[in-house]
Amino acid sequence: MLKFLKKINEVFALNEEGNNTLYGEIRNYQITIVGSNLITFYLNYQPSDEVNHEIYSILSSGKNKKFITFRFDQYGVSGTVNGMTATSAANTFIEKINQVIDVLVRNNVAGSECCSMCHEKLDFNAKLVRVNDRYMKLDEKCYSELSLKIENEEKTFNEAPNNYLKGTLGALIGVLIGCVAYFALYMIGFISGWIAVLAVFLADLLYVRFKGKSNNVKLVIISALSFVGMLVTCLLIYIMIGSAIITQEGLSNVTALEYILNDSELKSSLVHDMLLTVVFTALGIVIMVANIKRKNKKLHNRITSK
């Protein structure tokens, strides 16, 4: 168990699952806490505008408000808590979640005695389930409806058309747009690694628009096209620079690339810009992978019973 989760559990005495998850009830309100490089929480209650407004005031105020992100949904509130250290994040979470639950108790908001979906009173057929990371108590009807919804979502995704050729064409167009933007900025005397991130984003967007499916093949295709396209564009820019110098100095027995490799300043600049391009392209791919995981997780809700 992560140290900061242990600290939280010393206060709330929740159930443990694996090394990074706590779940259970705090003063009759179902909560799930997942630890990684930050604290992610899911608190279930019957939401209302009035109660949510009070909770918003609590979570968006105080000296640590910049370390907290949150959103309201049909189940209650979820969010993340960070901090300068893991201990400070844990302390912030403990303080804020107690304040939030104070609001729920003071307003007599329905909690674990009710279904997390329909908020009706639970009977002996209630099920404690985990949907993705969030634990919920559901009545038999809501459990069946949610199970059917998840099954239909997965069936729709699996039956969706997948055209690798068209998807690759879309990704290629996205990368080419990024390459043109990279070149255009060079023409006005500016080289930015962020264009590589843009190229990956456009490739990802157009791959899906051209009927490619979000899977591991898509990741390989976009990564390969992005790295090759951006690095080739960077190299071509320097070849243009070398060609211009050769023409200006009247050299005829050397190629542009040979001139660049023999000129320490140009060679150093080329290596620097290509490394920068690699780093920012990799950053774009990391962002893309994170988005794919987030979207697929949302699409492929996983429901398990306890």
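Residues numbered from 1 in each chain as written. Predicted model: local features only at pLDDT ≥ 70, side-chain atom pairs only at ≥ 80, totals over all residues. Heavy atoms only, no water.

### Concerning a nonpolar patch on the surface
Phase 1: Taken together, the side chains of Leu169, Leu172, Ile173, Leu176 and Ile177 present a nonpolar region at the surface, about 400 Å² in accessible area.
Phase 2: As for its position among the elements, Leu176 is in helix α5 (residues 164-187). (Patch = residues over 30% accessible without salt bridge, like charges linked within 9 Å, V, L, I, M, F, W, Y side chains within 5 Å. Areas by Shrake-Rupley, 256 points an atom, 1.4 Å probe, with all protein chains shown as cover. Salt bridge = Lys/Arg side-chain N within 4 Å of Asp/Glu carboxyl O. Helix = DSSP H or I, 4+ residues; strand = E, 2+ residues; numbered from the N terminus.)

### Some words on the pattern of salt bridges
Phase 1: Scanning the entire structure with this criterion turns up 7 salt bridges.
Phase 2: For the salt bridge of Arg130 with Glu17, the shortest nitrogen-to-oxygen distance reads 2.0 Å. Of the two residues, Arg130 is situated in strand β7 (residues 127-131) and Glu17 in strand β1 (residues 15-17); the sequence distance between them amounts to 113 residues.
Phase 3: Exposure remark for Arg130: the relative accessible area of 12% places this residue in the buried category.
Phase 4: Residue Lys137 pairs with Glu25 through a salt bridge whose shortest N-O separation is 2.7 Å. With Lys137 in strand β8 (residues 134-138) and Glu25 in strand β2 (residues 21-26), the pair connects residues that are 112 residues apart, well separated along the chain.
Phase 5: By relative accessible area, which is 23% here, Lys137 ends up partly exposed.
Phase 6: Ionic contacts of the salt-bridge type, sharing partners, join the residues Glu17, Arg130 and Asp133 into one network. (Buried < 20%, exposed > 50% of the residue type's maximum accessible area, 1.4 Å probe, protein only.)

### A word on the sheet that holds strand β4 (residues 39-44)
Phase 1: The 6 strands are arranged β1-β2-β3-β4-β6-β5 in an open sheet whose pairing can be described as antiparallel. The open sheet terminates on both sides in strands that have one partner only, identified here as β1 and β5 (68-73). Going across the sheet, the axis of each strand differs from the next one's by a mean of 15°, ignoring polarity.
Phase 2: As paired strands, β5 and strand β6 (residues 76-81) are joined by 6 bridges and run antiparallel to one another. Along β6, the bridge assignment pairs Thr69 with Thr80.
Phase 3: Lying on the sheet, helix α3 (residues 86-106) is in contact with β2, β3 (29-35), β4, β5 and β6; it crosses β4 at an angle near 10°. (Pairing = 2+ DSSP bridges. Axes fitted to C-alpha atoms, helices over the stretch in contact; angles between N-to-C directions. Contact = heavy atoms within 4.5 Å.)

### A few points about the pairing of β6
Phase 1: Across the 6 residues of β6, 5 count as buried, placing the element largely inside the fold.
Phase 2: From the end of β5 to the start of β6, which pair antiparallel, there are 2 residues.

### Some remarks on helix α4 (residues 140-159)
Phase 1: For α4, spanning 20 residues, the distance from its first C-alpha to its last is 29 Å, which sits close to the expected 28 Å at 1.5 Å a residue.
Phase 2: Taken together, the buried positions of α4 are occupied by Cys142, Tyr143, Leu146, Ile150, Glu154 and Phe157. Down the axis of α4, the sector holding all buried residues measures 105°, keeping them to one side. In this structure, α4 carries Lys141, Glu151, Thr156 and Glu159 as exposed residues pointing more than 90 degrees from its buried face. (Expected span 1.5 Å × (residues − 1). Arc of directions from axis to C-beta.)

### Quick word on the nonpolar core
Phase 1: Core analysis: the biggest nonpolar cluster contains 31 residues, and Ile8, Ile33, Leu43, Tyr45 and Phe93 have the highest contact counts within it.
Phase 2: Sorting the residues of this core by element identifies α1 (3-12), β2, β3, β4, α2 (49-59), β6 and α3 as the ones contributing at least two each.
Phase 3: If you tally residues by element for this core, the top one is α3, at 9 residues.
Phase 4: If we ignore the near neighbours within four places in the chain, the residues touching Phe93 are Ile8, Phe12, Ile31, Ile33, Ile39, Phe41 and Val81.
Phase 5: The next biggest cluster of nonpolar side chains, apart from the first, holds 27 residues, and it includes Ala196, Val200, Tyr207 and Cys234. (Core = buried A, V, L, I, M, F, W, Y, C linked by side-chain atoms within 4.5 Å.)

### Some words on the packing of aromatic side chains
Phase 1: Overall, the coordinates contain 6 aromatic pairs when judged by the stated rule.
Phase 2: Each ring, one from Phe70 and one from Phe72, has its centre 5.8 Å from the other, and the planes form 75°; the classification is edge-to-face.
Phase 3: Among the aromatic residues, those joined into a ring-pair cluster are Tyr56, Phe70 and Phe72. (Phe/Tyr/Trp six-rings, centres within 6.5 Å; stacked < 30°, edge-to-face > 60°.)

### Re the side chain of Arg134
Phase 1: Residue position: Arg134 is located in strand β8.
Phase 2: The exposure class of Arg134 is buried, given its relative accessible area of 7%.
Phase 3: Engagement of the side chain of Arg134 in a polar contact is seen with the backbone oxygen of Leu43, the distance being 3.3 Å.
Phase 4: Among the polar contacts listed, one links the side chain of Arg134 to the side chain of Asp73, at a separation of 2.9 Å. (Polar contact = N/O pair within 3.5 Å; in protein donor to acceptor, adjacent residues only side chain to side chain.)

### Here's the deal with the environment of Thr80
Phase 1: Tracing the backbone through its elements, the reader meets Thr80 in strand β6.
Phase 2: Looking at Thr80, its side chain comes within polar contact range of the side chain of Thr69, at 2.5 Å.

### Points about helix α6 (residues 194-209)
Phase 1: Taking 1.5 Å per residue, 16 residues should reach 22 Å; α6 reaches 23 Å between its end C-alpha atoms and fits that length.
Phase 2: When we look at burial in α6, the residues that qualify are Ile195, Ala196, Val197, Ala199, Val200, Leu202, Ala203, Asp204, Leu206 and Tyr207.
Phase 3: Once α6 finishes, Lys211 follows within two positions and takes phi at roughly 75°, a positive value.

### Concerning the packing of α5 against α6
Phase 1: Where α5 contacts α6, the axes come no closer than 7 Å and their chain directions differ by 155°. Relative to α6, the element α5 lies roughly antiparallel. Remark: the crossing between α5 and α6 carries right-handed chirality.
Phase 2: The residue makeup of the contact of α5 with α6, split by class, is 14 nonpolar, 5 polar and no charged. (Parallel < 35°, antiparallel > 145°, perpendicular 65-115°, else oblique. Left-handed = near helix turned anticlockwise from the far one by under 90°. Nonpolar A, V, L, I, M, F, W, Y, C, P; charged D, E, K, R; others polar.)

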